[in-house]
Number of protein chains: 2
Amino acid sequence: MGILRKTKSVKILLDEFEKKSTAISAITLIERLHSKMNKTTIYRVLEKLEDDGFLHSFLGKNGHKWYAKCSGCSSDEHHDIHPHFQCTDCGKVDCLSTDVLIPNIPNRKVDMSQILLQGKCEDCYT
Amino acid sequence: MGILRKTKSVKILLDEFEKKSTAISAITLIERLHSKMNKTTIYRVLEKLEDDGFLHSFLGKNGHKWYAKCSGCSSDEHHDIHPHFQCTDCGKVDCLSTDVLIPNIPNRKVDMSQILLQGKCEDCYT
DNA sequence: TATTTAACGCAACTAAGTTGCATTAATTGT
DNA sequence: ACAATTAATGCAACTTAGTTGCGTTAAATA
Ligand SMILES: [Mn+2]
Ligand SMILES: [Mn+2]
Ligand SMILES: [Zn+2]
Ligand SMILES: [Zn+2]
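Report on the accompanying structure. Everything numeric in this text was worked out from a predicted model, so none of it was measured. (Residues numbered from 1 in each chain as written. Chains lettered and ligands numbered in written order. Predicted model: local features only at pLDDT ≥ 70, side-chain atom pairs only at ≥ 80, totals over all residues. Heavy atoms only, no water.)

Describing the pairing of strand 4 (residues 84–87) of chain B
All names here are of chain B.
Here comes step 1: Because side chains alternate across strand 4, one face comprises the buried residues His 84 and Gln 86, and the other comprises Phe 85 and Cys 87, equally buried.
Here comes step 2: Relative to strand 5 (residues 93–95), strand 4 runs antiparallel, the two sharing three bridges. Within strand 5, the residue paired with Gln 86 across the bridge is Val 93.
Here comes step 3: Linkage of strand 4 to strand 5, two consecutive antiparallel strands, is achieved through a turn of five residues, within which Gly 91 is found at a positive phi near 85 degrees.
Here comes step 4: Two strands pair when backbone bridges link them, and strand 4 and strand 6 (residues 109–120) are joined in this way by four bridges, in the parallel orientation. Note that in strand 6 the partner of Phe 85 across the bridge is Leu 117. (Buried < 20%, exposed > 50% of the residue type's maximum accessible area, 1.4 Å probe, protein only. Helix = DSSP H or I, 4+ residues; strand = E, 2+ residues; numbered from the N terminus. Pairing = 2+ DSSP bridges.)

A short note on the coordination of the zinc ion (ligand 3)
Residues and elements named next belong to chain A.
Here comes step 1: Protein-derived ligands of the zinc ion (ligand 3) are Cys 87 (SG), Cys 90 (SG), Cys 121 (SG) and Cys 124 (SG), with the metal-ligand distances lying across 2.2 to 2.5 Å.
Here comes step 2: In this structure, the zinc ion (ligand 3) is coordinated by four donor atoms arranged in tetrahedral fashion, with angles at the metal of 104 to 116 degrees.
Here comes step 3: Taken in sequence order, the residues that donate to the zinc ion (ligand 3) follow the motif C-x2-C-x30-C-x2-C. Residue Cys 121 shares its accessibility class with Cys 124, and that shared class is buried. (Donors = N, O, S within 2.8 Å, 3.2 Å for Na, K, Ca; no water. Tetrahedral: all angles 85-135°; square planar, octahedral: opposite > 155°, others 65-115°.)

Describing the packing of helix 2 (residues 26–33) of chain B against helix 3 (residues 39–51) of chain B
All names here are of chain B.
Here comes step 1: Where helix 2 meets helix 3, the axes come as close as 10 Å, and the angle between the chain directions of the two elements is 135 degrees. When the axis of helix 2 is compared with that of helix 3, the two are oblique. Relative to helix 3, helix 2 is oriented so that their crossing is right-handed. Seen from helix 2, the contacting residues are Ala 26, Leu 29, Ile 30 and Leu 33; seen from helix 3, they are Lys 39, Ile 42, Tyr 43 and Leu 46. (Axes fitted to C-alpha atoms, helices over the stretch in contact; angles between N-to-C directions. Parallel < 35°, antiparallel > 145°, perpendicular 65-115°, else oblique. Left-handed = near helix turned anticlockwise from the far one by under 90°. Contact = heavy atoms within 4.5 Å.)

A closer look at the coordination of the zinc ion (ligand 4)
Residue and element names in this part refer to chain B.
Here comes step 1: Distances from the zinc ion (ligand 4) to its protein donors, Cys 87 (SG), Cys 90 (SG), Cys 121 (SG) and Cys 124 (SG), fall within 2.2 to 2.4 Å.
Here comes step 2: Seen from the zinc ion (ligand 4), its four donor atoms lie at angles of 105 to 117 degrees, and the figure they make is tetrahedral.
Here comes step 3: Taken in sequence order, the residues that donate to the zinc ion (ligand 4) follow the motif C-x2-C-x30-C-x2-C. Pair noted here: Cys 90 is in the loop between strand 4 and strand 5 and Cys 124 is in the segment after strand 6, with a separation of 34 residues, a long-range link.
Here comes step 4: A relative accessible area of 44% means that Cys 90 is categorised as partly exposed.

What to know about the layout of surface pockets
Here comes step 1: What the largest pocket holds in volume is close to 870 Å³.
Here comes step 2: As for the largest pocket, its lining consists of 38 residues, of which Gln 114 and Leu 116 of chain A together with Leu 59, Gln 114 and Leu 116 of chain B are closest to the centre.
Here comes step 3: Among the elements of the structure, strand 2 (55–59) and strand 6 (109–120) of chain A together with strand 2 (55–59) and strand 6 of chain B are those that each provide at least two residues to the lining of the largest pocket.
Here comes step 4: Sort the elements by how many residues they give to the lining of the largest pocket and strand 6 of chain A lands first, with six residues.
Here comes step 5: When its residues are assigned to classes, the lining of the largest pocket shows twelve nonpolar, 18 polar and eight charged. (1 Å grid on protein atoms, 1.4 Å probe; cavity = no way out; pocket = protein on both sides within 12 Å on 5 of 7 lines; lining within 4 Å. Points joined across faces, edges and corners; volume = space filled by probe spheres on them. Nonpolar A, V, L, I, M, F, W, Y, C, P; charged D, E, K, R; others polar.)

Concerning the interface of chain A and chain B
How large an interface is tends to be reported as the accessible area lost when its parts come together.
Here comes step 1: Facing the 31 residues of chain A at the interface are 31 residues of chain B.
Here comes step 2: Buried surface at the junction of chain A and chain B, both sides included, amounts to about 2,700 Å², of which 59% is carbon and sulfur.
Here comes step 3: For the pair chain A and chain B, the interface holds four salt bridges.
Here comes step 4: Of the charged contacts, one joins Arg 108 of chain A and Asp 94 of chain B as a salt bridge, the two residues approaching to 3.3 Å between their closest N and O atoms.
Here comes step 5: At the boundary of chain A with chain B, the tally comes to twelve residue pairs in polar contact (both at pLDDT 80 or more).
Here comes step 6: For the side of chain A that touches chain B, the element with the most residues is strand 6 of chain A, which contributes twelve residues.
Here comes step 7: Sheet topology note: the strand 6 of chain A/strand 6 of chain B ladder contains eleven bridges and is antiparallel. Bridge assignment links Ile 115 of chain A to a residue of strand 6 of chain B, and that residue is Ile 115 of chain B. (Buried area = accessible area lost by both parts, 1.4 Å probe. Salt bridge = Lys/Arg side-chain N within 4 Å of Asp/Glu carboxyl O. Polar contact = N/O pair within 3.5 Å; in protein donor to acceptor, adjacent residues only side chain to side chain.)

Shown next, in the form of structure tokens:
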């Protein structure tokens, strides 16, 4: 179930994703907002924002949870399947609009792909 | 540093990977071998087998660690970058020999890709 | 303003993986 | 075969991301 009440916590979290378009890890949000809200609240609000189609989640290189804004999703339709790019220098993670073509795998039906690319981002790439 | 002594634990673990070619999660090995060796030993041996180029590791859909046999790797050269496929029905994970082409991403230098495909495997695909 | 209940804070918990250290056993030399 | 060396092991304690239960707070609505 998604968000029913626009609480202070919801507004603060939405704001974090509004002022920057990069993905943010749950861990980062916890340390950034620990004085403003409890980590349990952070996890719960993020989950609801994902249900609502405002955010989508994925796992970074250590298997930790990251969230980023959706573009054009709703609670009904989550079509935010795309690769993510994590910079090995500054740690920043971005959603990529570039499509990666998954070839047909013999005898298997591929329903989902989870692609994490790593390397140097535009800022760290000299 | 890799393995220096062919201990009982090393042999048992190597055997697990010998009798089946699918990937095995650290968690599975711990529950499968808990009467034969300590989980600390399992994690440590797996790490060394990876150093030696016998195994490679990757993260499954929950961010948990999986290991699979390498083919043609050594401690010097680990060229085992390939996609993995996790069956959403039976949970089995396989290494895929199929290559996924990563397109050039503008202004970024991609050094590594981590691709996890999900769907139905050959056994579960009716 | 009073009522309803979704959302919150807190503390306790879960589980994957790690660390330190005393003990064991594989390897090597005699 | 035996003793010396030290890599590897077991165990307990720890770390940390994420979860759960429950009493309290504060949004929504009337
Ligand atoms: Mn994204
Ligand atoms: Mn593999
Ligand atoms: Zn960067
Ligand atoms: Zn299957």
